[in-house]
Amino acid sequence: MNKQDIDSIKQLLSAPKKIVIVPHKNPDGDAIGSTLGLYHYLLKGDHQAQVLTPNDYPGFLKWMPGENTILKHDSQTKACEDLVNDADIIFTLDFNAFHRTGNMETVLSESKALKIMIDHHQAPDDYATYMFSDVSMSSTCEMIYHFIDMLNDLDLIDANIATCLYAGIMTDTGSFRFLSTTSTTHRIVADLIEKGANNAQIHNNVYDTNSYNRLQLLGCALNNLKVIPESRAAYITLSQDELNTYNFTKGDTEGVVNYGLSLEGVVLAAIFIEDKQEGIIKISLRSKGNFSVNEMSRAHFNGGGHTNAAGGKSYSSLKKTVEKFISILPAYNNALNDV
Ligand code: 5GP
Ligand code: MN
């Protein structure tokens, strides 16, 4: 995004507009934090702004300021599609290809509204008039901070905006520990705390609200953990029956894949989660160093993401999907032993 783009966006936003803000399907903390952070910022410019998510999101995100205004496309389809069709501007945040919005793909790709992409994933599609795409960024929330900064509006960041952006940076950086966390990230979160983000409370809201069932499910996942030492890899499976046993709700498996990566010597971790309703196995991949799970997911699991965190899906059974994972590993052994 160059100076000319910023000037054009400034001009565009100088008069009230009808704006919708959309994150990817199964939105995570960064997706909800960035869309709501931008939402609060746009309200200050007297715009009509509305966050539309493709579907629901975990309970541990349902405390963010403005969260109760979000409309969900899967349950409020007509209202969402009317807003998209009527919008002057659509911000697409934390994704870079319309298919990542599931059933919103058609209405978004047919919309005539001007589109602005703000995102930190690899290989963006070419649908946006203005594109702020940077894979080196820790999170889309960090990019929203830079975006507001480029518009010379840091003074407008209040406690609501600061809280949403802090939450998304915290979740996407694994609480500031992933490689993507820079000194700039820390300067930004310091500023967000000064502007009213209550860091201890935000951490508590996201991480210290486990249900007993969720911890039991984690126990089940850890019991299922397998290690493949020659590939420095570990994987976890969760079948639909196991999920049902512990009354699984959305978000209960978030972060579980990281336990595999926490094993000494392991540089690649996977989790395979059966979803009988969608008829897929949802896959999450995590890695250390320069081993790209984005490439692995694109090549084998219909997905993508970042170098160290990617996701994908498989349409075969849980057993067959795990067998496929094990069968492709030897080709990566050199790379995995080089990390
Ligand atoms: P997670 O494993 O937490 O679902 O996702 C990790 C990262 O990979 C996230 O940045 C997410 O946006 C991306 N990702 C997850 N699933 C998919 C997918 O099916 N396709 C693509 N392209 N990216 C995905
Ligand atoms: Mn993100």
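In case you missed it, the structure is sitting above this.
## Re the side chain of His121
Part 1: As for its position among the elements, His121 is in the loop between strand 5 (114-119) and strand 6 (130-133).
Part 2: Given a relative accessible area of 14%, His121 falls into the buried group.
Part 3: Within the structure, the side chain of His121 is placed 3.1 Å from the side chain of His306, a separation counted as a polar contact.
Part 4: Leave out the neighbours within four places in its chain, and His121 touches Asp94, Phe95, Asn96, Ser133, Val135, Gly305 and His306.

## What about the nonpolar core?
Soluble globular proteins tend to bury their nonpolar side chains together.
Part 1: Ile21, Leu38, Leu42, Phe91, Ile118 and Leu192 are the most contacted members of the largest nonpolar core, which totals 48 residues.
Part 2: Not counting residues within four places of it along the chain, the set of residues in contact with Ile118 comprises Phe91, Thr92, Leu93, Asp94, Phe132, Thr140, Met143, Ile144 and Phe147.
Part 3: In this structure, Tyr235, Ile281, Leu318 and Leu329 belong to the second largest nonpolar core, which totals 22 residues.

## Some details on helix 7 (residues 183-194)
In an α-helix, one full turn covers 3.6 residues, which means residues spaced three or four apart are oriented alike.
Part 1: Helix length check: helix 7 (12 residues) gives 17 Å between terminal C-alpha atoms against 16 Å at 1.5 Å per residue, within 8%.
Part 2: Among all positions of helix 7, only Thr185, Ile188, Val189, Asp191 and Leu192 are buried. When helix 7 is viewed along its axis, its buried side chains cluster within an angular range of 155° and face the same direction. Exposed residues lying more than 90 degrees from the buried face of helix 7 are Arg187 and Glu194.
Part 3: Tucked into the core, helix 7 has its buried residues touching helix 5 (140-150) and helix 6 (159-172).
Part 4: The N-cap residue of helix 7 is Thr182: its side-chain oxygen and the backbone nitrogen of Thr184 are 3.2 Å apart.
Part 5: Trailing helix 7 by a residue or two, Gly196 shows a phi angle of about 120°, which is positive.

## Considering the coordination of the manganese ion (ligand 2)
Part 1: Summarising the metal site, the manganese ion (ligand 2) is bound by the protein donors Asp30 (OD), Asp94 (OD), His120 (NE2) and Asp172 (OD), whose distances to it range over 2.2 to 2.4 Å.
Part 2: Mapped onto the sequence, the donors of the manganese ion (ligand 2) take the spacing D-x63-D-x25-H-x51-D. Of this pair, Asp94 sits in the loop between strand 4 (89-93) and helix 4 (105-110) while His120 sits in the loop between strand 5 and strand 6; the two residues are 26 residues apart in sequence, bridging distant segments of the chain. The pair Asp94 / His120 is uniform in exposure class, with both members buried.

About the thresholds
Starting from 1, residues in each chain are numbered consecutively following that chain's sequence as written. Numbering of ligands from 1 and lettering of chains from A proceed in the order in which they are written. Local features are withheld for residues below a pLDDT of 70 in this predicted model, meaning they are given only at 70 or higher, and side-chain atom pairs are given and counted only at 80 or more; totals for whole chains, interfaces and linings count all residues. Heavy atoms from the whole structure form the basis of all side-chain values; hydrogens and water molecules are not counted. Helical segments are the DSSP runs of H or I of at least four residues, strand segments are the runs of E of at least two, and each set is numbered from the N terminus. Burial classification: accessible surface area is computed with a 1.4 Å probe over protein chains only, and a residue below 20% of its type maximum counts as buried, one above 50% as exposed, and the rest as partly exposed. Under the rule applied, a polar contact is a pair of N or O atoms within 3.5 Å (in protein, one hydrogen donor and one hydrogen acceptor; residues adjacent in sequence only if both atoms are side-chain atoms). Should any heavy atoms of two residues lie within 4.5 Å, those residues are considered in contact. Buried residues of nine kinds, namely Ala, Val, Leu, Ile, Met, Phe, Trp, Tyr and Cys, make up a nonpolar core once their side-chain atoms join them within 4.5 Å. Expected helix span is given by 1.5 Å per residue-to-residue step, counting one fewer step than there are residues. This arc is built from the directions going out from the helix axis to the C-beta atoms. Water is not part of the atom set, so a site may look incomplete; the donors themselves are N, O and S atoms within 2.8 Å of the metal, or 3.2 Å for Na, K and Ca.

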